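A structural walkthrough
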Amino acid sequence: MSTLSVWGELVACHTASEIADVAAKRIAAAIEAKLRTQPLVSIALSGGTTPRETYARLALAKHVDWSKVLFFWVDERAVSPSDARSNYHMVDEAMLQKLPVNRNQVARMQADLTDLKSAAASYESLLRARVMLGPKNVPQLDILTLGVGADGHTASLFPRDAALQEQKALVTAVAPAAGREARLTLTFPMLLNASNVFVLASGLEKNKALERAWAAHGDDGETPLRALRNAIGATTWIIDRAAGGLLK
Ligand code: 6PG
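Right, let's walk through the structure included here. The structure displayed is predicted, hence computed values, not measured ones.

Cut-offs used in this document
Residues numbered from 1 in each chain as written. Predicted model: local features only at pLDDT ≥ 70, side-chain atom pairs only at ≥ 80, totals over all residues. Heavy atoms only, no water. Near = heavy atom within 4 Å. Polar contact = N/O pair within 3.5 Å; in protein donor to acceptor, adjacent residues only side chain to side chain. Areas by Shrake-Rupley, 256 points an atom, 1.4 Å probe, with all protein chains shown as cover. Nonpolar A, V, L, I, M, F, W, Y, C, P; charged D, E, K, R; others polar. Pairing = 2+ DSSP bridges. Helix = DSSP H or I, 4+ residues; strand = E, 2+ residues; numbered from the N terminus. Axes fitted to C-alpha atoms, helices over the stretch in contact; angles between N-to-C directions. Phe/Tyr/Trp six-rings, centres within 6.5 Å; stacked < 30°, edge-to-face > 60°. Buried < 20%, exposed > 50% of the residue type's maximum accessible area, 1.4 Å probe, protein only. Lys NZ or Arg CZ within 6 Å of the ring centre and 35° of its normal.

1. Description of the site of the ligand
Surrounding the ligand, one finds 15 residues, the nearest of these being Thr50, Arg77, His153, Ala155 and Lys206. A distance of 2.7 Å separates an oxygen atom of the ligand from a polar side-chain atom of Thr49. Between Asn87 and the ligand, the recorded distance is 2.9 Å, taken from a side-chain N or O atom to an oxygen atom. About the coverage of the ligand: the protein hides 88% of its 410 Å² of free accessible area. Among the residues making up the shell around the ligand, the classes are represented as two nonpolar, nine polar and four charged.

Next up, the structure:
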């Protein structure tokens, strides 16, 4: 194994359930910390299977003033919001339906629209209207959750995809591929500008992607997760030992 240089904080959990516990506690604490100095908090959520349990735990965090949280998505699949594959559907079922939030706090990514380019531009306008600007005149999300694909993708930024090169648009459409719907995704200019990034990963199938991401040298085009080393905010890796390869 080449030298690994993990940036940010690494929290090694024993089980997926512990990841959910730790992640929910850390995200709730980050929300409360932000609310001590600003009126609203913006959080962008990833989909997939790993974060679902974390969102379910957050739904139980009654001490958080959820009326001051604005919900966004990191990415979305080009399916109906009622489709089980929809990231909106997963977050809504796991968390939002159980929280005292108004629908105007929830900004769904409309990847179900036919014109994804226009949907991406609309979501970018919405982000610019609702999220405080940070460095480089880019809206600065307070909190992000990200996952790790076994191929080293994060959000819907896949290896060798043109979206990896996007440096201007904050949201972009991603073409469908074999076994994968078209997507909308935040781009790296948006992801790297967030104040707090929580990366959740569970299972041995994520280990190689994490090691390629953490390797001192590597190819960001092959492992898009590597680009997170340029994040300007705090990165916290909440992973189990299987994903982290610490069981080796
Ligand atoms: C998505 C996610 C994606 C996910 C990874 C890991 O829409 O699928 O945003 O980036 O985080 O694919 O997914 P799992 O948590 O299901 O392994």
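Moving on from the coordinates now.
2. Brief notes about the sheet that holds strand 4 (residues 75–77)
Whether parallel or antiparallel, the strands of a sheet pair through hydrogen bonds between backbone atoms. Read from one edge of the open sheet, three strands run 4-7-6, paired in antiparallel fashion. In this open sheet, the two strands that pair with only one neighbour each are strand 4 and strand 6 (171–174). When strand polarity is set aside, the average angle formed by the axes of neighbouring strands in this sheet is 15°. Bridging between strand 4 and strand 7 (residues 183–186) involves three bridges; their strand directions are antiparallel.

3. A few points about the packing of aromatic side chains
Using the criterion set out here, one finds four aromatic pairs in the structure. Centre to centre, the rings of Trp66 and Phe71 are 6.1 Å apart; their planes meet at 20°, and the pair counts as stacked. Summarising the burial analysis for this pair, Trp66 and Phe71 share the class buried. Judged by centre distance (5.4 Å) and plane angle (45°), the ring pair of Trp73 and Tyr88 falls under tilted. Of this pair, Trp73 sits in strand 3 (residues 69–73) while Tyr88 sits in helix 3 (residues 87–94), and the two are 15 residues apart along the sequence. Judged on exposure class, the residue Trp73 and its partner Tyr88 are both buried. Through a chain of ring-to-ring contacts, three or more aromatic side chains come together here, namely Trp7, Trp214 and Trp237. The positively charged end of Arg108 is found above the aromatic ring belonging to Tyr88, 5.9 Å away from the centroid. One cation-aromatic arrangement involves Arg180 over Phe158; the distance from NZ or CZ to the ring centre is 3.6 Å.

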